[in-house]
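Each chain is listed here by its residues.
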Amino acid sequence: MSMIKCCFEPLEMPEFLDSFVKKCTEGCCCGCCSALRPRYKRLVDNIFPANPEDGLVKSNMEKLTFYSLRSPEKLDRIGEYLYQRASKDIYRKRYKFVEIAMEAMDLLLMACHAQILNLFVESFLRMVQKLLEDTNPTLQIMATNSFVRFANIEEDTPSYHRRYDFFISKFSSMCYGNNDDMELRDSIRMAGIKGLQGVIRKTVSDDLVANIWEKQHMEKIVPSLLFNMQSGPSKSTDTEATPSTPPLLAEAVLRELVSRASFGHIKSVLKPLLTHLDHHKLWVPNKFAIDTFRIVMISIQPQYSYTVVETLMSHLDQNLTSSPKTRTSLAVVLSKIIAIAAGESVGPSALDIINNLLMHLKTSVSTQHDESTPEETQYQEALINALGEFANHHPDYQKIEIMLFIMNTVPDPSHKSKGDHLLQNILLKSLLKVGTQYRTVSFEKAFPVSFLQPLLKMARAASIPIRIIVMQIFQQLLDRHQNQHLLNVINVSHYPTLTIETPSRSDILFTHKYGSNILQAIIESMSQENHLEVLKSSYNTIALVIVEMACGETMQEFLLFILGVQQVAVTEVELSPKHRCNLHSIAISLLILLGRCTGVGPLVEYVEKLIQARKEEASYLLPPLMDNDKSAPSTLNTNLPHLLVDKLAVAECLQQAGLECNRVQTGTPYALNQTDISAHRHSWVDTHSAVRNSVVDASYNDIESVSSSPGVQKRSLASEYNFESMKRVLAEPTEASKREAREKQMQIGRTFRETAFEDLVRRTEPKHDVIQNKLNEIFNALSAERQISASCGVQAGSLLLAANGGLNGPSMIEPGKHHLAAGGQRPIYENNFPELFFY
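These numbers were taken from a predicted model, which means no experiment stands behind them.

Our next topic: the packing of helix α25 (residues 555-571) against helix α28 (residues 647-656). As a packed pair, α25 and α28 sit with axes 11 Å apart at the nearest point and diverge in direction by 160°. By the criterion of interaxial angle, the relationship of α25 to α28 is roughly antiparallel. Taken as a pair, α25 and α28 cross one another with a handedness that is right-handed. For the pair α25 and α28, the contacting residues are Met555, Gln556, Leu559 and Leu563 in the first and Lys647, Val650 and Leu654 in the second. Counted by class, the contact of α25 with α28 contains 5 nonpolar, 1 polar and 1 charged residues.

With that out of the way, let us pick up helix α23 (residues 505-526). Structural remark: α-helix, 3.6 residues per turn; residues separated by three or four positions point the same way. Its 22 residues place the ends of α23 30 Å apart at the C-alpha level, agreeing with the 32 Å of an ideal helix rising 1.5 Å per residue. A bend of about 60° at Tyr514 is the largest found in α23. Most of α23 is tucked away: 17 of the 22 residues are buried.

A cis amide bond, omega -5°, links Val284 with the succeeding residue Pro285. Along the chain, the position of Pro285 falls in the loop between α12 (266-279) and α13 (287-299). The step from Pro623 to Pro624 runs through a cis peptide bond, and the omega angle for that step is 5°. Looking at where Pro624 falls in the secondary structure, it is placed in the loop between α27 (601-617) and α28. Of note, Gln482 is a non-glycine position whose phi angle comes to about 55°, a positive value. Taking the relative accessible area as the measure of exposure, Gln482 reaches 51% and is therefore exposed.

All right, on to the nonpolar core then. The biggest cluster of nonpolar side chains holds 210 residues, and the ones touching the most others in it are Phe293, Leu428, Phe447, Phe561 and Leu603. Those residues in contact with Phe293 that lie beyond four places of it in its chain are Leu273, Leu274, Leu277, Trp283, Val308, Leu312, Val333 and Ile337. One finds Ala613, Ala618, Leu621 and Leu643 within the second-largest nonpolar core, a separate group that totals 8 residues.

Following the criterion strictly, the structure yields 17 aromatic pairs and no others. Seen in terms of ring centroids, Phe166 and Phe167 are 5.6 Å apart; in terms of plane orientation they differ by 75°. Their pairing is edge-to-face. Judged by its relative accessible area of 27%, Phe166 falls in the partly exposed class. Plain terms: the ring middles of Phe561 and Tyr670 are 5.9 Å apart, the flat faces sit at 80° to each other, and that makes the pair edge-to-face. Residue Phe561 is found in helix α25, and its partner Tyr670 is found in the loop between α29 (662-666) and α30 (684-692); the two are separated by 109 residues along the sequence. Residues Phe561 and Tyr670 agree in their burial class; the two are buried. Lying over the aromatic face of Tyr379, Arg327 brings its terminal NZ or CZ to 4.8 Å of the ring centre.

A pair can form between side chains of opposite charge whenever their charged atoms are brought close. Applying the stated criterion to the full structure yields 22 salt bridges. Glu529 serves as the salt-bridge partner of Arg467, at 2.0 Å between the closest nitrogen and oxygen. Highlighted residues: Arg467 in helix α22 (residues 464-478) and Glu529 in the loop between α23 and α24 (532-549), separated in sequence by 62 residues. Of the residues examined, Arg467 reaches a relative accessible area of 1% and is grouped as buried. Residues Glu548 and Arg480 are paired through a salt bridge, measuring 3.2 Å at the closest nitrogen-oxygen approach. A residue pair is termed long-range when its members are at least 10 positions apart, and Glu548 in helix α24 and Arg480 in the loop between α22 and α23 qualify at 68 residues.

Calculation criteria
Residues numbered from 1 in each chain as written. Predicted model: local features only at pLDDT ≥ 70, side-chain atom pairs only at ≥ 80, totals over all residues. Heavy atoms only, no water. Axes fitted to C-alpha atoms, helices over the stretch in contact; angles between N-to-C directions. Helix = DSSP H or I, 4+ residues; strand = E, 2+ residues; numbered from the N terminus. Parallel < 35°, antiparallel > 145°, perpendicular 65-115°, else oblique. Left-handed = near helix turned anticlockwise from the far one by under 90°. Contact = heavy atoms within 4.5 Å. Nonpolar A, V, L, I, M, F, W, Y, C, P; charged D, E, K, R; others polar. Expected span 1.5 Å × (residues − 1). Bend = angle between axes of the 7 residues up to and from the residue. Buried < 20%, exposed > 50% of the residue type's maximum accessible area, 1.4 Å probe, protein only. Core = buried A, V, L, I, M, F, W, Y, C linked by side-chain atoms within 4.5 Å. Phe/Tyr/Trp six-rings, centres within 6.5 Å; stacked < 30°, edge-to-face > 60°. Lys NZ or Arg CZ within 6 Å of the ring centre and 35° of its normal. Salt bridge = Lys/Arg side-chain N within 4 Å of Asp/Glu carboxyl O.

Here it is in structure tokens:
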């Protein structure tokens, strides 16, 4: 063949001549037959230098690159030939030539267009896999870096058959490198983490390749990242943009993995994460677990954040039989991350999380047979903190819904079992935690009826801790101006830093509507036993009520409450002497506080003189409170009328200040065993009686009572000695007539409060009969007049029809029937309705 000569440039030969030329060139010892080889092989051979230390021949590499771009169909052959040469060099341990081959592969890869990349990728990935399989760390790191560069290239053509199972396994194993050389070990681990990052970037956006979110892949990737994160500090101390240590790089890759996860894939990441924490016992201590879940919560898409909370609570369900420390650590982790999910949880998802937390609390209480252990108590507190953190990031209207939801799960106070008491305590603590995060603007919104009624019911419970917690809940919701810490101590001194604001109209209406219910529950709570914490918390609550709601319109209600506390201390025989003294101390403290909050000068002067009198004669009727365990004076005389708050004297003070005093004068103070709002308020009969007698009692008070009360002077007629005062004195009734009027008024009030309704109806029947008879006479007269007018109208119509009878035939009106209809049927207004006139 004349064209096959060593000195001429060969032409492109068909495929069937390749084998022949290959045999010829391989048998040639002088190298002159290399010209017979295909051009792409000669170009590949030319990039390798004679001395491997010289590195890649740049000029020849440019020729190879230009050739591959001009003839892209040869890319797969070029890659295959480079792979064969590298395999031989690896086998002969000529690693410098292997590095040159890998560098050439990288340059060709970067030069390829996206449309022709698939022609070269298979050879490239085989080359990378070949280097990763070698035990030389340098080759592994170099192959990993090449793969990362490949992963950053965006491909336009989908790949149907490409798989990365080997790379996931190899890169994951590199993350656990344990070389004795620390620097080399970190380099291998960094390469493994970068390789996993490259796999994630390459596969997560390509739906046609193997699914990276499958269980077998995530169980390799996630633990590898967590292993490196726990091997060192996860917080960077330098200002570098790129992570420089395996823990920092692993954290960055985990963030990227979580951020790319969709709703259906996030659990694929969380399950191996929880398994890793379980197997390596990383829950106790839980610092690493908290940091890891915070990374997850910050990186995840916001709308999926509550899925992490649900998964963690489900994992807590699976660990109910674990040690209390493990469950406590899980609950603490939950409390640390739940606030992040709260912002995106609305509606059913929020209540579902609350319900799950409450179920865990109930389960914890149900498993306690004896007294709760410190570990179990810590677990419950961690759950309560999680509940509070979750509620804290919700708007106020949702906090009210959450509190109502919790209140509905609290067992009824009538349940006497120990388990129910423990559950009531725990759930009310949860309610208190949520209430601490709530900022009250309007009491009507903070205390809806469905929430207030069961809360007041719990305030009357027999358990002391439960009553204290209920009072704390009231304090958190009532304290709008941060006065609660000032009112912790019961005293009669002035509060200079107390913040007072005039209540709004809605708050006044709320006080008129439900204030008596709250006050009644508090007075019953204080009267059960002489427990200092109960008394102090009750005082704090009612003091906050006075500070927030006291004004001219609500003052009489609070005065009746204070008088009721004093009356309980005087009349209840079952109370101990110390308990009576404490109630007297609370009553006088509340009275001076009420006077100062409302600015009623005469009342403040009266109370200050009463306090001074008690200091001189009975200091035990003033704060501080006396405990049952402490010694007390030998004689505790609580029945000293001149040292007690006098109702008429208080009414006189209100009258001097220009305020209404009728309710204080005529009303009944609060008493025990009255749970209905109408039981201690005036009935409408008392109110109208008081109005009728207001002219009589407006300017008159009991002189003996006033004289027995210190600080209130008798009214001097000399100061008002004129015609009007003389006329007013002559018009005033005598003492006997006043006493008789008051007794009659009280008798009427008792009659209408205590008498049955049927008896009242029976007493008023004669009046009903007189009214009914009179109405019957009027209706009968009207009926007679109507019958006469109707008969006259019928006769006139008959005459008119008779005049026109021959024209229109028979008459259309039948007089007889009309007369029967008008006179025979009973009119509707003649029916008797006696119930309309019941008094």
